[in-house]
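Per-entry structural report
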Amino acid sequence: NDRGYGNVHVTQGLQDEFEAGDPRRVETIFIEGDPYPHNEGSDTFQGAWSVTGSTPAKYILHDDPTQPPGRPNASLNNDRVIRYADVLLMLAEAKILSSSPDFAGAAALINQVRDRASAALPDLAVGSRDQMFDALMHERRVELAFEGHRYNDLVRWHRAGLIDIKTDIDFGRQSANQNWSEKHLVRPIPQGQRDINSNLAQLEEYSGG
């Protein structure tokens, strides 16, 4: 993941999701003019390097300076299996969606995450369920970007009827939005497991096409 190799690009939606002054933006994505370490020929990021004008900075920004440019997995920022911020936001989600909701409690949890990021970020005010859920979705997106949670979040919320992935989510490419269907809510049985056990049958709607 060293400087991305130009294979990973940040959707415009994620670029726009960060609030002005949120320091997580510079730690998460590169945009035009950002400092770009260890690059030959330029010390700032050029938007023209990406089809969206942005590439990931998380796990790339803090490369190991002892490693040569271009070496993958040279980040000093190790991947975390689970983070405290994720736990706080999961609990906030439960409080928002509970049959006995606790919106004030959810706001306090979300604000813990925001305050850790920057004391300059305004605290989330207690609002309606829809407002609180929108705030939760925003916070999970900017706090946990590129950490492998986004699609599972979308599937969970789609199944709960809180969003419609097909119409509410911009995957950044028209073909991705057109080709998404309900079959993508579950993963197919791996072919290796089907080779071991002939009794396992792939449901037709998940077999491709």
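Residues numbered from 1 in each chain as written. Predicted model: local features only at pLDDT ≥ 70, side-chain atom pairs only at ≥ 80, totals over all residues. Heavy atoms only, no water.

Overview of the pattern of salt bridges
So the rule is basically this: Salt bridges are defined as contacts in which a side-chain nitrogen from Lys or Arg sits within 4 Å of a carboxyl oxygen from Asp or Glu. The numbering of helices and of strands both runs from the N terminus, where a helix is a DSSP run of H or I of at least 4 residues and a strand a run of E of at least 2. Exposure categories follow from relative accessible area, calculated using a 1.4 Å probe and restricted to protein chains: below 20% of the type maximum is buried, above 50% is exposed, and the middle band is partly exposed.
If you walk through the whole model with that rule in mind, you get 16 salt bridges. Put simply, R141 and E17 hold a salt bridge, and the shortest N to O gap is 3.5 Å. Linking R141 in helix α5 (residues 129–143) with E17 in helix α1 (residues 12–17), this pair joins segments that are 124 residues apart in sequence. Residue classification places R141 among the buried positions, given a relative accessible area of 17%. Across the pair R83 and E147 runs a salt bridge whose closest N-O atoms are separated by 3.0 Å. Residue R83 is located in the loop between β2 (55–56) and α3 (84–97), and its partner E147 is located in the loop between α5 and α6 (150–159); the two are separated by 64 residues in the primary sequence. On the accessibility criterion, E147 (14% relative accessible area) is buried. Three or more residues joined by partner-sharing salt bridges are found here, namely E19, D22, R24, K58, R83, R114, R116, E139, E143 and E147.

A word on α6
Cut-off, in case you're wondering: Contacts: residue pairs with any heavy atoms within 4.5 Å of one another.
Within the sequence span of α6, burial applies to D153, L154, V155, W157 and H158. Close packing links the buried residues of α6 with α3, α5 and α7 (165–168). A positive backbone phi angle near 75° is found at G161, which sits one or two residues after α6.

Things to note about the packing of aromatic side chains
Keep this limit in mind: Each aromatic pair joins two rings of Phe, Tyr and Trp (for Trp, the six-membered one) with centres within 6.5 Å, and gets the label stacked for planes under 30 degrees apart, edge-to-face for over 60, and tilted for any other angle.
Following the criterion strictly, the structure yields 6 aromatic pairs and no others. Note on F30 and F45: the rings are 5.7 Å apart at their centroids and 15° apart in plane angle, and the pair reads as stacked. In this pair, F30 is assigned in strand β1 (residues 29–30) and F45 in the loop between β1 and β2, connecting sequence segments 15 residues apart. Comparing F30 with F45 shows no difference in burial state: the two are buried. Judged by centre distance (5.4 Å) and plane angle (85°), the rings of F45 and W49 are edge-to-face. Members of the aromatic cluster, connected to one another through ring pairs, are F30, Y36, F45 and W49.

Any functional reading would require information beyond the geometric quantities listed.
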